[in-house]
Amino acid sequence: MTLGLVLHLVVWHAYHGAEESAFEHATLAFETANPGVSVELVAVPFGAYSYKLEAAIPHGNGPDLFVGKSNGLQEWIDRGLIDAIDAEVDPSQFVSGTLPPLIHHQRLYGVPLAFKSVALFYRRDRITKPPRTTDELVAIAEREHAADRCGLAYEAASLSYHAAWLHGFGGRILDDNNQPALDSAEAARSIEFVRMLANRHLIAEEATGQLVTDLFNRGECAMAISGPWFLSDIEADVRFGVASLPIVSSTGKPAAPLSEIEALMLPARSKTHAAALNFALFLSGKDAARLRALEGRQTVATAATWQLDEIKNDPVLTAFYDQFKLAVPMSQSRALQASWEPGQRALRRVLRGDVDAKRALAGAQAEIVATLRPAPPPAAKLPFAISLFALGLALLWWRQRAQPEVAFRSQPVAYVYLAPAAVAMGVLVFVPFVVGAAMSLFDYDGVHATFVGWGNFGNILRARDTSLFSPLSFYFALLVTALWTVANVALHVAIGVALALLLRSPLLRLRGVYRALLIVPWAVPNYITALIWKGLFHKQFGAINALLKVCHLEPISWFAHFWTAFAANLATNVWLGFPFMMVVTLGALSRIPRELEEAAALDGASAWMRLRHIVLPLIRPALLPAVLIGAVWTFNMFNVVFLVSGGEPDGSTDILVSQAYRWAFQRGHQYGYAAAYAVLIFLLLVAQTAFGRRMSQKQAT
Amino acid sequence: MKPSLAIRISIHALLLAACAITLYPVAWVVKTAVTPRQSFSPSPNPWPSTWSLSNFRDVLGTHQGATWLFGRQLLNSLLVSASVTIVGVVLACGAAYALSRFRFIGRDFSLRGFLLSQMFPGVVTAIPLYILLDHLQLLNSLAGLVLVYSTTAIPFCVFMLKGYFDSLPHELEEAVLLDGGTHFDAFFRVILPLSRPALAVTALFSFLTAWNEFILAATFMSRPASYTLPVAMQNYVGDFSTEWGHFAAGAVLVSLPVMLLFFALEKHLIGGLTEGAVKG
Amino acid sequence: MPLRLCESARSMATVTLDGVGKDHGKAQILGSLSFEIADGELLVLVGPSGCGKSTLLRCIAGLDELSRGRILVDGRDVTQAAPRDRDLAMVFQNYALYPHLTVRENLAFGLKMRKMPAAEIAQRVNDVALLLGLETLLERTPQKLSGGQCQRVAIGRALVRTPKAFLFDEPLSNLDAALRTQMRVELKRLHQRLGATMIYVTHDQVEAMTLADRIAVLRQGVLQQLGTPTELYERPNNLFVARFLGTPEINVVDGKELMQKQFMATLPDRAVKVGIRPESIHFVADGKPARVDLLEQLGWESLVHLDCDGVRLVARVSANAPTVGATVGFKIDDRALHYFDRDEKRL
């Protein structure tokens, strides 16, 4: 730090709302106290947060400091993304239990800001005394149910919420050696308990965070399980209390939720560790913590803050404090990361009544082991090079055979026109493509790469570790993707052409208005569309089931069955995609001479025959390129599948590209494996397009 | 031939139904945006029960220090999208013209290259792209975003424009050549002015590509003042909870300009995508 | 006023083809063509579709490249020159008017390209408009013109530049019959007035015969005959040329059959086919008898289809047309017979 020069610190966080503004105010206080330092807070969207950290830090573009969570610690350390804190930190300064989750091999990797765990929220207008045991909880819920309300709302299918019951029944997610331990009898009993609650309609069905908020705010449920973040969602007029989760009556153990620590961490390669640490210590200091607790409603990790009267007398914050004492810290290991998805799947299956708890858990256990499986063995480079060379030769020979070179005179001026686009595409598309494709030959987690040759492809194509018909297998996803593409393109074309035919007559009144309204879906960003449609398909509160009820039909649990979940995805994507086909068809229709149809009409052809034999064949050439490119887009339509069904049920509606995403980002950063998926997707699309071309040429001749 | 009354009524009925289905989800977003709460309404009725502009006020009023963030981010979005439109259309025009009119070595390869570039999933290329931009010193700059978005938009634009150029008679350029012009004269003075509908559609598409993207923008940009609007909107979506009201208000604000552009260019859209034949 | 245009157009301009040929892949489109179009001459390239006449024109214009041979304009080798440097103008079959420009801008385009001063451009455009009767159309765009008007503008666009030579690529084929005849006359008159070198491609032999100073008949890329319309009509080099020119088509009869059926006494050596122009068949009372099969009345003349012992002939007579089914006597004018050998060459 040079005197007179202002030191600039960049701090990344994913806070929003009250937490963000409290964080900003605390930072302002730091800047006032330290005139030589300016701090820039960067709110990174949560969806891009870890991705951005992982991309930026290894290349020295990371922040000076960032807010991270304890449960990703081991992976970040393994990948060399964060540095240990070298300075002395006084443990007594922090709430006990907030430091150990940040320690790895005796070294501290973060300055704790806050602890987070779920607790029981209850509406004071319904419940005067929160339940202390599960029996009491059930009794209250029964009473509420009798009054046609729902007793308890929480994300029952999420393993991170369920962990509280799991611990209460004596089970656990990982054993002492951080190996998955989900297939225990205790775990089965905990799930049976939740199933009992669901069967007796004591908990909200298919609850999402959104739904829990809504039910609680409207008083349709008396209790909710959620974390401190829920506080900002509760409306001002709702009187509520927070209490520790009840004791499980059958075991006498408390339902202990998982807890994690939010901490300021030092990215590797940053050169401002000292100043950054200074800021971190300030933020975790008494005054800043008080601000964060009072304004941001954070459950801060600073011990002294909890001695303040204004905090001590805050029933909500102290309730979380008490709950934290009972909570089980989340493991730092990557085995925990790998447990969420299979655990959630098992919970859903049991709650749906598909299988019993034991079998569901055994399945989940196997899946966790499968995702954590060892990488393919390192491969020798020479045999690989030979096989690659042979492959190249074969490809060359095949191309040579397929296309005899036609002699023509080259027009060099063409390169002048083509060059700018070609160079841009070459650098920004082709280079990343080659790098991405090359990644498929490595076992790569973002930092460490081991050459494995065709190993990843071998594992994918042999469907190792999973059965051929499991939703995790490549072939299953391929089948779903093929179905997805065909169904979408068929419906896009059918609806697009049908609407274009309706809109065709120039005499039609309001033609322009209809046309304009019908292309609206094209203009809405598709991630927004996807989120809306997911809401529309909700079992209890979605508009579609409401319509079914109006028609006296049974409401459908859309994401519980493959076909209905698939249909929900399909409906969303069809909504998104038909305007494009409609517009292309309208253009093609406007080019058909009227005389042709009139001649056919004079020949006695019916309207249907005219459509079938005159109109459709004539618009085919214009539709074909649109269909080809539409098929490519649909094949890789990640947003809809990921955001609407999210792969539900059991990952069966995942298409290849969303599987690739999960391998890259949700199953322990197996980039190499994901890249091999991407290469296979690419090859499949090349084949599909070539096939489509050939078919259309054949039909044309 | 004017269709009978019954047929006309049924055509209108079908179209009205289609419009209702099309607009329902949109109405839903508007409802969430004008409802002064942060949760999703569970009622199927798309008509808002309360009207309030508070969500819009919050979204529009974001500040960082003295900087009016929303304004800054709107400006960024406009700058990036406008530049992408220009860069994308200019590059695509040239490439499409070369592919439509000239025979040259590598033509087939380029034509396929543009199509193939649509086929490799972005999941895997994003990290190499990050490294690349880092090397090119284009991280955290709007110029970097413009380049990346342009290359995303170019292939589709090339296909659309090539199709349109293909439908223009070659004699037009030959006439220019004989009139004493060069290929460049033919391109700039005759082909481009004639392709206005296709250019409009291409421009719209490029604009849309840049306007709606947020993952790459969030990854490449590291200053709230250099974020684009969709990134700012994504900030309302959190790990555990989402500020739906703000998000919906943001979505309306983000979609509105595009919607207006669509309406304005709607006529061209139909002609530009397919129709190329010009009398003359 | 238009005189100025005419005078400036009168620069010496010959177009010479020297062994010109073009291949597409392995297929030969143009053989080896060598001939010269004289200054001020209107040469018509004629032949059935696909004979290579349009390709030849495009090669002369510089729009297509030659595979071999040279093209000289005014003695200067332009084989490698770009179209713009050849100083030729072309009128396209579909007119190729710039749809986004007005008639005035269309006419001025080529002059602007050549950086001519604005005043002179305006002068020339007006001159040409006057010459072609386009004065009232100058501010319209091509979409608002009729086919004939488009054609006139296309011709005007060529004229205004006063190029060394004009190239016409089937310019009248998109017009209706009446307009076509009218435009044909106008073109002929224009050529007479300007005396400019013109190369005119058509597949219509009537156009060829009426317009041309000389006609070049092409077949599959090979020159069949080059000469004045009269030469070609009266002394066709081969059966193809004989058949191609003249309406109705020349009667072609097998030589042996004629001998057998005693149409004539002698036949030159090697003569295999005999061509008889319809107008060289005369009706005489004591002639060979034939049955009238069909009658085409054209008003001032009639085409009589005869069946004589199985040989079918068409005769052109100007008066006294017989009735269908009647038997008439006829005689063939010996001097007007065309004899062709086994290779369909003229004897």
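Residues numbered from 1 in each chain as written. Chains lettered and ligands numbered in written order. Predicted model: local features only at pLDDT ≥ 70, side-chain atom pairs only at ≥ 80, totals over all residues. Heavy atoms only, no water.

A. Just the sheet that holds strand β17 (residues 337–340) of chain C, in detail. All names here are of chain C. Taken in spatial order, the 3 strands line up as β11-β12-β17 in an open sheet, and their pairing is antiparallel. In this open sheet, the two edge strands, each paired with only one partner strand, are β11 (251–254) and β17. The mean angle between the axes of side-by-side strands here comes to 25°, regardless of whether they run parallel or antiparallel. When β11 meets strand β12 (residues 273–276), the two strands line up antiparallel, connected through 4 bridges. Note on β12: the bridge partner recorded for asparagine 251 is isoleucine 276. (Pairing = 2+ DSSP bridges. Helix = DSSP H or I, 4+ residues; strand = E, 2+ residues; numbered from the N terminus. Axes fitted to C-alpha atoms, helices over the stretch in contact; angles between N-to-C directions.)

B. Spotlight on the domain arrangement of chain A. We note that the domain assignment places domain 1 (3–114 + 262–325), domain 2 (119–256 + 333–371), domain 3 (374–469 + 670–701) and domain 4 (482–655) within chain A. Relative to domain 3 of chain A, the C-alpha centre of domain 2 of chain A lies at a distance of 46 Å. (Domains from an automatic or database assignment.)

C. Looking closely at the nonpolar core. Phe220 of chain B together with Leu56 of chain C are the most contacted members of the largest nonpolar core, which totals 288 residues. It is helix α23 (residues 562–589) of chain A that provides the largest number of residues to this core, a total of 15 residues. Filtering out sequence-adjacent residues up to four positions away, leucine 56 of chain C remains in contact with Leu17, Val20, Leu30, Leu33, Phe35, Leu45 and Leu218 of chain C. In terms of nonpolar packing, the next biggest core, distinct from the first, is built from 51 residues, Met116, Val128, Leu190 and Val241 of chain C among them. (Core = buried A, V, L, I, M, F, W, Y, C linked by side-chain atoms within 4.5 Å. Buried < 20%, exposed > 50% of the residue type's maximum accessible area, 1.4 Å probe, protein only. Contact = heavy atoms within 4.5 Å.)

D. Geometry of the side chain of aspartate 169 of chain C. Residue and element names in this part refer to chain C. By the secondary structure assignment, aspartate 169 is in strand β7 (residues 165–169). Of the side chains with opposite charge, arginine 58 comes closest to the buried, unpaired aspartate 169, at an N-O distance of 5.9 Å. Once residues within four sequence positions are removed from consideration, aspartate 169 is found in contact with Ser54, Leu57, Met90, Val91, Phe92, Gln93 and Val201. (Lys, Arg positive; Asp, Glu negative; His and termini not counted. Salt bridge = Lys/Arg side-chain N within 4 Å of Asp/Glu carboxyl O.)

E. Highlighting the domain arrangement of chain B. Residues and elements named next belong to chain B. By domain assignment, chain B separates into domain 1 (1–52) and domain 2 (65–275). Computed from C-alpha atoms alone, the centre-to-centre distance between domain 1 and domain 2 is 31 Å. Between domain 1 and domain 2, the residue contacts involve 8 residues of the former and 9 residues of the latter. Buried area between domain 1 and domain 2, both sides added, is near 640 Å², and the carbon and sulfur share of it is 74%. Scanning the region where domain 1 abuts domain 2 turns up 0 salt bridges. In this structure, the connection of domain 1 to domain 2 is made through 0 residue pairs in polar contact (both at pLDDT 80 or more). A per-class count over the side of domain 1 that touches domain 2 returns 4 nonpolar, 3 polar and 1 charged. (Buried area = accessible area lost by both parts, 1.4 Å probe. Polar contact = N/O pair within 3.5 Å; in protein donor to acceptor, adjacent residues only side chain to side chain. Nonpolar A, V, L, I, M, F, W, Y, C, P; charged D, E, K, R; others polar.)

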